[in-house]
Structures are given as C-alpha cells and as structure tokens.
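Fold and contact review
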Amino acid sequence: MSKNQGFKKFINMLAFVGIVAIAVVLLLRMVLGDIIKVDSSVINAIGLIAECIAYAVTAVYAFYFVYARHNPAYMITYVVAVILIIVLLVV
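Calculation rules
Residues numbered from 1 in each chain as written. Predicted model: local features only at pLDDT ≥ 70, side-chain atom pairs only at ≥ 80, totals over all residues. Heavy atoms only, no water. Axes fitted to C-alpha atoms, helices over the stretch in contact; angles between N-to-C directions. Helix = DSSP H or I, 4+ residues; strand = E, 2+ residues; numbered from the N terminus. Left-handed = near helix turned anticlockwise from the far one by under 90°. Nonpolar A, V, L, I, M, F, W, Y, C, P; charged D, E, K, R; others polar. Expected span 1.5 Å × (residues − 1). Buried < 20%, exposed > 50% of the residue type's maximum accessible area, 1.4 Å probe, protein only. Contact = heavy atoms within 4.5 Å.

For the pair helix α1 (residues 3–35) and helix α2 (residues 41–69), interaxial distance at closest approach is 8 Å and the crossing angle is 145°. Along this stretch, α1 crosses α2, giving a crossing that reads as left-handed. For the contact of α1 with α2, the residue count by class is 19 nonpolar, 5 polar and 2 charged.

With 33 residues, α1 extends 47 Å between its outermost C-alpha atoms, agreeing within 8% with the 48 Å of an ideal straight helix rising 1.5 Å per residue. All buried positions along α1 are accounted for by I11, G18, A21 and V25. Next to the buried residues of α1 lie α2.

Put into structure tokens, the structure is as follows:
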C-alpha cells in the first residue's frame, strides 16, 4: 500500500470520527439542553473538537482540489479562506 493510500484512509477515518462526534454532540445538546435544561461546557468542548475535525478534513480535501487546478486564484482564495476560518475560530 502506498503512503498516499494510507493518508487517504486516515483522512477518511478522521471524517468518520468527526461526523459521529458532531451527531453525538447535537443529540446531547438536544437531550440535555432542550429537554433537561442543562448547559454543559463538556458538551460544548466536544462540539468544538468535532467542528475542528470537520474543518480540517474539509481543508485537506479542498487543498487537493486547489492543487490539481494549478490556478493562483484558487490557491489565494483557499489560503484566505483557511486563514479566516482559523482566526474566526480562535476569536
């Protein structure tokens, strides 16, 4: 198996973990927040981690799309978008 295949399998697994984590967080927020009226910082932290995983997976796949195009406009737009996501996530 080539290194590229191993990396793709890792990213696919990471995408799976991210989507399951987001589903669990949304379910917990609904059950604990809306029904039981509990606001948990642990649930919010897990949600933030799940969102970061989703952003990272999306950024990696978007990079492969941009890299295949060999167009500077795509690359500049991609870099600006990733920087905006990072900055706005930290703030």
